[in-house]
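# Observations on chain architecture
One-letter residues, chain by chain:
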Amino acid sequence: MQQELCVILPAKQCIYSEAGLLHFMHEMSHEETVALILPVRNETRYIERCIQAILKQDYPQDKIEAIIVDGLSDDNTREIIDRYEKKFPITIKLLENHNKTVPYAMNIGIKKSVSKYIIRMDGHSEYPDDYVSKCIATLKRTGADNVGGLLVARGHGAVGKAFAKVLSSVFGVGNSGFRTKASSGYVDTVPFGAYQRTTFTKYGLYDERLTRRQDYELNNRIRKNGGRIYLDSNIELVYHCRSTISGILEQSYQKGKWNIITAKLCPGTLSIRHLVPLLFVLSLMVLPVLAFFIPSFIWILIGELSIYLLFNFAYSIKLADGFKEAILMIILFPLYHVAYGLGSFIGLGYNPKKALKQEL
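Overview of the structure. (Residues numbered from 1 in each chain as written. Predicted model: local features only at pLDDT ≥ 70, side-chain atom pairs only at ≥ 80, totals over all residues. Heavy atoms only, no water.)

### Quick notes on the overall build of the protein chain
Looking only at helices and strands, one finds 14 helices and 11 strands in the protein chain. At a minimum sequence separation of 6, the contacts of the protein chain that also span at least 24 residues come to 77%. Accessible surface computed for the protein chain: about 16800 Å², of which carbon and sulfur atoms make up 60%. (Helix = DSSP H or I, 4+ residues; strand = E, 2+ residues; numbered from the N terminus. Contact = heavy atoms within 4.5 Å. Areas by Shrake-Rupley, 256 points an atom, 1.4 Å probe, with all protein chains shown as cover.)

As structure tokens, this is what we get:
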């Protein structure tokens, strides 16, 4: 007598025998199935909210395999995922990533998945109920190799809410369209991304050398080899940004540093917007020295700082809700830019092989 396995799925209840479970897994290879891959590590605060968003998707739940790849979390992240995996064993799968970093996690998930479509998701994010269905519809409509939507930054507390506005402004992040609500169209990169499975066959998997910037490198590789990246402004997700000064500084510094390390390992992955904070920091270092020998250079420095402060004040006042938030933004813009630029400056002196050994 076959042992019966009771599996409760959202909006319906099914009972599978062992043979039925094998048949279901065979059906998962149907062309409309989608793998949602989540690299996570120490996401106790947000992971449950993210899993619940997956279970509420209006895309057919029997066509979804949610593969959560945990990087040896030392908080309660794994226990939370375990609880959902036991309750929804068909939909939720937990895998382990001993290397801890995102590209290893993504490659583990891609290799274990069987679906035609692959969507990278993030435990630090929230997704509307139609997120998956819109991503799949856009992939089908455009034929693009990777599609994504607008990233809506959300912070907590006074600092976090102010910083979310910094990350959503042209003055804060330049021409990063997915952060500044650009119109739909073909772009250089999108946040996280929804892929045809064939994208990884044609262009390769994630570069496991990159602790950060792995999404941008992959998108750059796709474009260099004739592929297309599409931003659909009708797709949105919420990303919980850093909400403390120390967290903002650390993340900004690491972003800047890995811009340069990635460029050394993978030439062609730097755009002008990634270099602006570095050039700003270099000018703050070099112009005072030059002014010591050539006094007229002090006026260049004063002019540069005056223009920067003018834009800083203008954007802060325009975007802030109230005087206190405006003051916070006036402080956060330069902190973000300088930390980012300093990270890039430090990255210039890094030996990539040594840096990778230390980071990994």
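Here the narrative resumes, following the displayed structure.
### Structural notes on the pairing of strand β6 (residues 117-120)
The two faces of β6 match: Tyr117 and Ile119 on one face and Ile118 and Arg120 on the other face are all buried. In the sheet, strand β3 (residues 34-40) pairs with β6 via four bridges, with the strands oriented parallel. Residue Ile37 lies in a different strand from β6, and its bridge partner there is Arg120. Where β6 and strand β10 (residues 194-196) come together, three bridges link them in antiparallel fashion. Of the residues in β10, the one forming a bridge with Ile118 is Tyr195. (Buried < 20%, exposed > 50% of the residue type's maximum accessible area, 1.4 Å probe, protein only. Pairing = 2+ DSSP bridges.)

### Here's the deal with a nonpolar patch on the surface
Together, Met285, Val286, Leu290, Leu342, Phe345, Ile346 and Leu348 make up a nonpolar patch on the protein surface, roughly 510 Å² of accessible area in all. Elements supplying a minimum of two residues to the nonpolar patch: α11 (272-293) and α13 (323-348). A per-element tally of the nonpolar patch places α13 first, with four residues. The residue Leu342 is located in helix α13 in this model. Here Leu342 falls in the partly exposed class, since its relative accessible area comes to 34%. (Patch = residues over 30% accessible without salt bridge, like charges linked within 9 Å, V, L, I, M, F, W, Y side chains within 5 Å. Salt bridge = Lys/Arg side-chain N within 4 Å of Asp/Glu carboxyl O.)

### Remarks on the pattern of salt bridges
Within this structure, the stated rule accounts for 16 salt bridges. A salt bridge links Glu325 to Lys165, with the shortest nitrogen-to-oxygen separation between them at 2.6 Å. Of this pair, Glu325 sits in helix α13 while Lys165 sits in helix α6 (residues 157-166), and the two are 160 residues apart along the sequence. In this structure Glu325 comes out as buried when scored by relative accessible area, which is 12%. A relative accessible area of 22% places Lys165 in the partly exposed class. The partner of Asp188 in a salt bridge is Arg273, and the shortest N-O contact between them spans 3.4 Å. Separated by 85 residues along the polypeptide, Asp188 in the loop between β9 (185-186) and β10 and Arg273 in helix α11 bring together distant segments of the chain.

### Section: the nonpolar core
Core analysis: the biggest nonpolar cluster contains 78 residues, and Val34, Leu36, Leu38, Ile119 and Tyr131 have the highest contact counts within it. If we ignore the near neighbours within four places in the chain, the residues touching Ile119 are Val34, Ala35, Leu36, Ile37, Tyr131, Val132, Cys135, Ile136, Gly193 and Ala194. Counting residues in each nonpolar core, the second largest holds five residues, with Leu210, Trp258, Ile261 and Cys266 among its members. (Core = buried A, V, L, I, M, F, W, Y, C linked by side-chain atoms within 4.5 Å.)

### Some words on the side chain of Glu325
At 2.7 Å, the side chain of Glu325 and the backbone nitrogen of Asp321 are in polar contact. Non-local contacts of Glu325, meaning those with residues more than four positions away in its chain, are made with Lys161, Ala162, Lys165, Leu319 and Ala320. (Polar contact = N/O pair within 3.5 Å; in protein donor to acceptor, adjacent residues only side chain to side chain.)

### Here we look at the packing of aromatic side chains
Throughout the structure, instances matching the rule amount to 14 aromatic pairs. Ring centres 6.4 Å apart and planes at 15° place the aromatic pair Tyr84 and Phe88 in the stacked group. Summarising the burial analysis for this pair, Tyr84 and Phe88 share the class buried. Centre to centre, the rings of Phe292 and Phe293 are 5.3 Å apart; their planes meet at 90°, and the pair counts as edge-to-face. (Phe/Tyr/Trp six-rings, centres within 6.5 Å; stacked < 30°, edge-to-face > 60°.)

### Thoughts on the environment of Gly172
Tracing the sequence through the fold places Gly172 in helix α7 (residues 170-173). As a C-alpha pair, Gly172 and Tyr315 span 143 residues in sequence and 9.1 Å in three-dimensional space. Apart from the residues lying within four places of it in its own chain, the contact partners of Gly172 are Val166, Phe333, Tyr336 and His337.

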